[in-house]
Amino acid sequence: MTAQQSEPREPRPGKPGAGPRTLAEELRTRPDEALAALLRSRPDLLNPVPGDLTQLAARLSSRASALRALERLDRFTLQVAEALAAAPDGSPHTAIRNLLTGPARVKPHPLAEPVDRAAVTEALPAALTTLRERALLWGPDNALRLVIAVREALAPTATNPGRTGLGPTLAEATTGMSPARLQQLLASAGLPPTPDPVTAIAALAGLLTDRRSCAALLAEAPEPALRLLERLVWGPPTGTVPDAARPVTAEEVRSPVEWLLARGLLLPSSTGSVVLPRELALHLRGGRSHRAVEAAAPAVVPAAPPRDPQAVDSAAAGQAHTAVRTIEELLDHWGLTPPPTLRAGGVGVRDLKRAAQLLETTEQTAAFWLELAYGAGLLAPDGEADERWAPTPAYDSWLQRTTADRWTLLAGSWLAATRIPALTGTPDSKGKPRAALGPELDRTLAPSVRRAALTLLGTLPAGTAATAEELLPTLRWQRPLRSGPTNAEGHELRDDLVRWTLGEAEQLGITGRGALAAPARALLAGLDPAPALTPLLPQPLDHVILQPDLTAIAPGPLLTPLSQALALCADIESKGGATVYRFSAESVRRALDAGRTAADLHVFLDQHSRTPVPQPLSYLIDDVARRHGVLRVGAASSYLRCDDPALLAEVLADRRSVDLRLRLLAPTVLAAQATPQALLASLRMMGYAPSAESAEGDVLISRPGSHRTPPRAAPTPVPDGPPTPDDSLLGAALKAIRAGDRAATAVRRETVNGPAANVQQSGPARSDTRQLPRTAAADTLAALQTAVMLGERMWIGYINADGLASQRVIDPVKVEGGFVTAFDHHADELRRFALHRITGVAELDEKA
């Protein structure tokens, strides 16, 4: 087998000079960088990795993949694609430009909005490049072709005119029309007869596309007929007409509609409706496919004047600190009193109201803080039989970090979350209100809209605020097809998401006074916002100011250990710029129950107060400590023990103890028909300070333990399609596709007869390049042995252990023991192939 014995080869598809004839051929002309960019922009094409470029082209032509790609286009690029779909396949770029702007010498329609012809001309090449890069368009500039699925999705029809408002072409509208009726239309329009329906349709279409001839025909139309056309010109292109399919000739015309039907200016789309042919609509519009063409995004014009950027950053930092403290307060409370999980998921209305009361805010805002903690992995169900919501172990680690790092976790998880807290309380598909933390709050549109809104806000000068109404026109231009469903009030989900995003961003400290803050700009850029946030945060304090009225004032944020210790012995009375704590007998007893002593409390307050400890507070601590533990409660059912018989007699005589059914067992012991917990609670309500004791008589420390879940991961956002592949996956996929394409398109000889014999027939590959080569086992072995001796490259068909067939281009190195060792160009590595799994071999005419 020598190259001199081969016949001349035909040029391969996609060779320079021939021009691509299919999408697969066009893909073969693209460099690896362009293919990688395509696969990165449309990751759904890699599930699974295509075997070759022909398979890739087939996936590009699928409707689902094409629609996903169209959703990522801006309005002008989408309008270019719609103009391409309205134009004949293979139109030049000049025809597309004229569809968008109208021909230069044609008067525009009076209802068409003015178009900037220079801006469209400047932006058109970039839009065409975008469509080509995403494989929605192929072909040279003088013969542009949309991918079939894109044309089918965007081409105007009578039932789906799309955003252009155009109808079907005359050829599409006359599908199924009888030849006799076509000849009647020709005669009524003043055209000569034609020999067949194809030429008749071509003649009618030519009449409508020739501006002078069409204008002359319309000049003969009665005024009511022209007014009727004006009603349909910008869409929808259909109208209701009784018995629309009846044949009408020019001589039988009795109404304006019949005048138009007789000449093919309106065509029946069903038995009761008519449609305006696309060619006539374009003529009436002055050649334009769209009433309004937006070559550039509308500028954001804020109504409010810019604010001082430093004031914006300070306001945002203050709110960021508040957000961190709010999450800490909420989860500390839920750790002590974890609420139950609803059977359908989420928390009940009562627990949400309690959370709102704790935070002194609305239920909607409380739901936002709960979702924020859940999305950051700080809150989760515990998974037990009586499942409850509680902080996770990650919350304890979070508490040990700096305030800036804690905020970074909250802000980053919020930015990527698909859950929408604002949907809490709204009715679901069954009319029931959605629960906070419930399973029906995910929307895949949320992360992209949040980022887009904040990114757009970041393009404004520092300190400039903008409302949702000011941002939405630009956001709608950026992604016109990504609007989401419409709610009962007629609002698109995207519009609501922008409003919710700005409100939540203000609460979280992403924005300050409506403007994007410096830490948020770093977060959006993928940088660590902590260095920008730390200098802006108020420094935590290690002291409080004790007041004679049994209160303590924290003039700013406290260190976390100090805040927790103070909350153990005092109750928060008010929050704001300064936090007010109030000491009471109950709060002091709570600290004593937790194991603190009076001396501990005195030392603690003395160390952390900038003022001397007030005498009333010292008296309160000593008084509660003196009475604490004098009465001891244990389990009999329960008993009450005291070394002071007079005190026991006082309790026994108290009318409030009747329900406890106390009975004197000994001078220092009372028995009760109640549990120890109930006995403790009743005595405390009566004003005593009892303590619990163990069976051995030791005091039990009764500080409530903070509940924690087992380790839980943060909820994964619902993916909006396949994830974007990384560089390593792209490189491997691209290598596999290229190798598979070389195997599928390599020019090879048809058969192999033996180790020394030449092929019986040579030439280019068969038209079905996916067909595996077939040769006898002996011929396969002989051909591979010969290839090893001569160093030739072979094309083989191979069936793996799973029964999957594939084509391989290999360089055989060794044949022995029922295996051939060869370099596999598909896998780009040295591999062993079982001879019995090789379906056949063929020699390549040239090295691939």
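Residues numbered from 1 in each chain as written. Predicted model: local features only at pLDDT ≥ 70, side-chain atom pairs only at ≥ 80, totals over all residues. Heavy atoms only, no water.

Engineer: How would you explain the pattern of salt bridges if you had to name every residue and give the values?
Structural biologist: This model, assessed by the stated rule, comprises 38 salt bridges. In this structure, the salt-bridge partner of Asp382 is Arg388, at a minimum N-O distance of 3.9 Å. According to the relative accessible area criterion, Asp382 is buried, its value standing at 3%. The residue Asp623 makes a salt bridge to Arg627 at a minimum N-O spacing of 3.6 Å. Of the two residues, Asp623 and Arg627 are both situated in helix 29 (residues 615-627); the distance of four residues between them amounts to about one turn of the helix. You can call Asp623 partly exposed: its relative accessible area is 27%. According to the relative accessible area criterion, Arg627 is partly exposed, its value standing at 31%. (Salt bridge = Lys/Arg side-chain N within 4 Å of Asp/Glu carboxyl O. Buried < 20%, exposed > 50% of the residue type's maximum accessible area, 1.4 Å probe, protein only. Helix = DSSP H or I, 4+ residues; strand = E, 2+ residues; numbered from the N terminus.)

Engineer: Could you give an account of the packing of helix 27 (residues 585-593) against helix 29, naming the residues involved and the relevant values?
Structural biologist: Two quantities define a packed helix pair, namely the angle between the helix axes and the distance between the axes. Their axes nearest at 10 Å, the elements helix 27 and helix 29 cross at an angle of 60 degrees. Considered as vectors, helix 27 and helix 29 are oriented oblique to each other. Pair helix 27 / helix 29 crosses with right-handed handedness. Judged by residue contacts, Ala585, Val588, Arg589 and Leu592 of helix 27 engage Leu620, Ile621, Val624 and Ala625 from helix 29. Here the residues of the contact of helix 27 with helix 29 sort into seven nonpolar, no polar and one charged. (Axes fitted to C-alpha atoms, helices over the stretch in contact; angles between N-to-C directions. Parallel < 35°, antiparallel > 145°, perpendicular 65-115°, else oblique. Left-handed = near helix turned anticlockwise from the far one by under 90°. Contact = heavy atoms within 4.5 Å. Nonpolar A, V, L, I, M, F, W, Y, C, P; charged D, E, K, R; others polar.)

Engineer: Tell me about the packing of helix 22 (residues 468-478) against helix 23 (residues 493-508), residues and numbers included.
Structural biologist: Put simply, helix 22 and helix 23 touch, their axes get as near as 10 Å, and they point 135 degrees apart. Taken together, the axes of helix 22 and helix 23 are oblique relative to one another. Considering how the two elements wind past one another, helix 22 and helix 23 form a crossing that is right-handed. Of the residues in helix 23, those in contact with Ala468, Glu469, Leu471, Leu472, Leu475 and Arg476 of helix 22 are Arg494, Asp495, Val498, Arg499 and Leu502. Looking at the contact of helix 22 with helix 23 residue by residue, the classes come out as six nonpolar, no polar and five charged.

Engineer: Now, about helix 6 (residues 93-101): what can you tell me, with residues and values included?
Structural biologist: Residues of helix 6 that are buried: Ile96, Leu99, Leu100 and Thr101. Residues of helix 6 that are buried make contact with helix 5 (75-86), helix 7 (117-133) and helix 15 (278-284). Note on helix 6: the residue one or two positions beyond its end, Gly102, has a positive phi of about 85 degrees.

Engineer: Describe the pairing of strand 23 (residues 838-843), naming the residues involved and giving the relevant values.
Structural biologist: As a general feature of sheets, a regular strand has side chains that alternate between the two faces. Across the six residues of strand 23, six count as buried, placing the element largely inside the fold. Relative to strand 23, strand 19 (residues 794-799) runs antiparallel, the two sharing five bridges. Paired with Tyr798 across the two strands is Ile838, which belongs to strand 23. (Pairing = 2+ DSSP bridges.)

Engineer: An account of the side chain of Thr579 is requested, with residue identities and associated values reported.
Structural biologist: With respect to the helices and strands, the residue Thr579 is situated in strand 13 (residues 579-582). According to the relative accessible area criterion, Thr579 is buried, its value standing at 16%. If near-sequence neighbours (up to four positions away) are discounted, Thr579 is found in contact with Ala552, Ile553, Ala554, Ile572 and Ser574.

Engineer: Report on the layout of surface pockets, specifying residues and quantitative values.
Structural biologist: The volume enclosed by the largest pocket comes to roughly 1500 Å³. Forming the boundary of the largest pocket are 44 residues, of which Glu329, Asp332, Ser563, Ala567 and Ile572 lie nearest the centre. Elements that contribute at least two residues to the lining of the largest pocket include exactly helix 16 (309-336), helix 17 (349-359), helix 18 (363-375), helix 19 (393-399), helix 26 (560-569), strand 12 (571-574) and strand 13. The element that contributes the greatest number of residues to the lining of the largest pocket is helix 16, accounting for 10 residues. A class-by-class count of the residues in the lining of the largest pocket yields 16 nonpolar, 16 polar and 12 charged. (1 Å grid on protein atoms, 1.4 Å probe; cavity = no way out; pocket = protein on both sides within 12 Å on 5 of 7 lines; lining within 4 Å. Points joined across faces, edges and corners; volume = space filled by probe spheres on them.)

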